[in-house]
Amino acid sequence: MAIITMNLPENKKYRRGLVPAAYLAATAMLLLPAYSHGQAQGQMGQGQMSQGQLGQGQLGMAGNVSPQSAEGGWRIRPNMSVFETYTDNVTFARDDLKKSDFITQINPGLAVTGVGRRFNFTGQYMMNNLIYAEQSNFTRTRHQLNATATAELIENLLFVDARALMTQQNITLFGPQAIDNVNVTGNRADVRNFSISPYTRHRFQDFATSELRYTRNVTTSSANPLRNSQADMFLAGLTSGTAFTAFNWGLNYSNQTIHFDGSNRPVELERSIASLGYRVTPQFGLTATGGYERNSFISIRGNPSSPTWTVGFSWMPSERTSIVASAGQRFFGPTYSLLASHRTRLTVWDASYTQNITTFNQQAGLGSSGMLGGSLNQLLAAQNPTLSPEFIQQNSNAFAGLGLTGSFFSPTNFMTNQVFLQKTLQASVAMNGSRNTAVFRVFDMTRQAYTQDSADVGLVGADNQALLNHTRQSGVNALWSYRISELTRANLNLGFTRFSFLSTTRVDDLKMVTLSLTRQLPQVRPNLNTMLQIRHNQRDSNQPGGEYRENAIIASLNMTF
């Protein structure tokens, strides 16, 4: 039986943390609006889109960011959200141990954008303050950050990219699966990922283009048994230029070395690849790659180094449709890839399949790009090409449940110290009509360990280490939103995920249903939104100890200044 030990936060420590949290919230509310509406808007322009003008379906539910694309300068937008949640199972315990609670969230935040001739910055920060009425020792503060920046240091020659991520996620698959920070499960931890990547590009007239890049990546976590890691990656590439029409070619080299704290065995992943393409028609082309990959980790499944090759095609019959696919051989066996998309006036269809050897360090740096709102983002961007990505994201988050994450929306990047082979299939369709918006998504991801499972003993315990050797996550989620009026929407979200632990006989099913009503309140404040939601969350298992059920009611106010 899988057991997760719950480490409860100390009440005194987190109560002290609420004092500066309240102070910062008050400061943001009192001081920053003047800067946002004064200096920042003077630089960015005053344009605001009227309600109900977003896309064919008049989405416009976020209503709290300027929909105009940035013209330049800095923009600082403070925001505040307040949630009140009642849950009948705050710890996701089995039925005879359930405890109910009222949880208040006070979440001040900032959205910062900066656009210049040679730089671009986007950052979102939120202080998640959780106050528990009954189990007051659960009271705590979490921090969330997503910031990206790029700059051109020397014109047309030297560039640098940077990213900072700070979030919370579930540790393992066999523990309780929270979708936010409200439920205290003992299976949730902070994850922080920081990277900086200077690179240089040079064009050899119309013959070729080269790129040299170095990336430093650091991943840390509050889950102590997960080893913090630092990665150094070197990339070198040379690709054909415009002088080549029917044929194109490329030469690429990559070397990534990942160092784990507490281990003297770094993981090195090295690949040298040559690529060739032939354009049969303007819409259809053939592709091929060949090379060698050398990996230094101690594999439990044979030699991790070998020659590698692929053959494939690309087909783009129109600007709305594209398919890129390949098949080949790597050291772990046959390998396949697919990237397909199709767009109509009211729909976006997407499908992808990938296979790769990877680590938690690499996956943590990708963030949560696979969320349910991804397809909706594309659809809204296609229908509204002049709108800013920030405005599009706000509307997508409102539909997907105000930014909820977890196994109901995409495969979970569970914590592990191992190297694993990951195979991921995802497909989705988003539809946006005059009153109805719908997103439907399926996914299937398997992970198979390629290093000893003893590396995870401290993380999951000796009795559970076999559970993570070979896992499968299969899921489907559907979102339907109906526009009742220009300011009001009803939303239904359905999610089902199956965790299969393929090294054992354990199978867990997760089910979630949410029904919500969202409404804008422009008569109170132009950028004020409210939501009322009911939620049912359930987990069933064929092994004892894995089941729980939760019912919750959530009310929220969300305001941007």
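All values derive from a computational prediction rather than experimental measurement. (Residues numbered from 1 in each chain as written. Predicted model: local features only at pLDDT ≥ 70, side-chain atom pairs only at ≥ 80, totals over all residues. Heavy atoms only, no water.)

**Details of the pairing of strand S14 (residues 333-343)**
Counted only if it meets this: Strand pairing is defined by DSSP finding a minimum of two bridges between the two strands. Note on conventions: DSSP H or I runs of at least 4 residues are helices, E runs of at least 2 residues are strands, and numbering of each starts at the N terminus.
The sheet contact formed by strand S13 (residues 321-330) and S14 spans 10 bridges and is antiparallel. Pairing of Val324 across the sheet is with Leu339, part of S14. From the end of S13 to the start of S14, which pair antiparallel, there are two residues. Inspection of the sheet shows S14 paired to strand S15 (residues 347-358) by six bridges, in the antiparallel sense. Bridging from a neighbouring strand, Leu339 pairs with Ser352 of S15. The antiparallel pairing of S14 with S15 creates a hairpin that spans three residues between the two strands.

**Some thoughts on the layout of surface pockets**
Note the threshold: Space inside and on the surface of the protein is sampled on a 1 Å grid over the protein atoms alone, with a cavity defined as a set of points where a 1.4 Å probe fits but cannot get out and a pocket as an open set with protein on both sides within 12 Å along at least 5 of 7 lines; lining residues have an atom within 4 Å of a point. Grid points are joined across faces, edges and corners, and a volume is the space filled by probe spheres set on the points. For this scheme, ten residues count as nonpolar: Ala, Val, Leu, Ile, Met, Phe, Trp, Tyr, Cys and Pro. Four count as charged, namely Asp, Glu, Lys and Arg, and the remainder, Gly too, count as polar.
By volume, the second largest pocket amounts to about 1100 Å³. The element contributing the most residues to the lining of the second largest pocket is S15, with five residues. Per-class residue counts for the lining of the second largest pocket are eight nonpolar, 22 polar and five charged.

**Observations concerning empty space enclosed by the protein**
Scanning the model with the defined rule gives three cavities of 30 Å³ or more in all. Lining the second largest cavity are Phe414, Thr416, Gln418, Phe420, Arg447, Gln448, Ala449 and Leu468. Broken down by element, the lining of the second largest cavity gets its largest block of residues, three residues, from strand S17 (residues 436-449). Tallied by class, the residues present in the lining of the second largest cavity amount to four nonpolar, three polar and one charged.

**With respect to the confidence of the model for the chain**
Let me state the cut-off plainly: pLDDT: the predictor's confidence for each residue, scored from 0 to 100. Here a residue-residue contact requires only that any non-hydrogen atoms of the pair lie within 4.5 Å.
Here the chain shows a mean pLDDT of 84. Residues at 70 or above account for 80%. Across residues 1-70, confidence stays below pLDDT 50; counting only partners more than four residues off in sequence or on other chains, it has 168 contacts.

**Things to note about the environment of Thr347**
Put simply, the test is: Only protein chains enter the area calculation, which uses a 1.4 Å probe; residues under 20% of their type maximum are buried, those over 50% are exposed, and those in between are partly exposed. Residues adjacent in sequence count toward polar contacts only when both atoms are side-chain atoms; beyond that, a polar contact is any pair of N or O atoms within 3.5 Å, and within protein one must be able to donate a hydrogen and the other to accept it.
Note that Thr347 resides in strand S15. The class of Thr347 is buried, set by a relative accessible area of 13%. Sequence spacing of Thr347 and Asn432 is 85 residues, and the spatial spacing of their C-alpha atoms is 6.5 Å. Of the polar contacts made by the side chain of Thr347, one reaches the side chain of Thr344; its length is 2.5 Å. Side-chain polar atoms of Thr347 contact the side chain of Trp349, separated by 3.0 Å.

**Let's talk about the packing of aromatic side chains**
The geometry of an aromatic ring pair comes down to the distance between the two centres and the angle between the two planes. We count it as follows: Two aromatic rings, drawn from Phe, Tyr or Trp (for Trp, its six-membered ring), form a pair once their centres lie within 6.5 Å of each other, and the interplanar angle then sorts them: stacked below 30 degrees, edge-to-face above 60, tilted otherwise. Whether a charge lies above a ring is judged from NZ of Lys or CZ of Arg, which has to be within 6 Å of the ring centre and within 35 degrees of the ring normal.
As enumerated under the stated definition, the model contains 15 aromatic pairs in all. Geometrically, the ring pair formed by Trp74 and Phe119 is stacked, given 5.6 Å between the ring centres and 25 degrees between the ring planes. One end of the pair, Trp74, is in strand S1 (residues 73-87); the other, Phe119, is in strand S3 (residues 119-132), with 45 residues separating them in the sequence. Judged by relative accessible area, which is 36%, Trp74 ranks as partly exposed. Geometrically, the ring pair formed by Phe159 and Tyr199 is stacked, given 5.3 Å between the ring centres and 15 degrees between the ring planes. Here the residue Phe159 occupies a position in strand S5 (residues 158-170), and Tyr199 occupies one in strand S6 (residues 188-204), the gap between them amounting to 40 residues. The pair Phe159 / Tyr199 is uniform in exposure class, with both members buried. Across the ring face of Phe159, the terminal group of Arg201 is positioned such that the distance to the ring centre comes to 5.8 Å.

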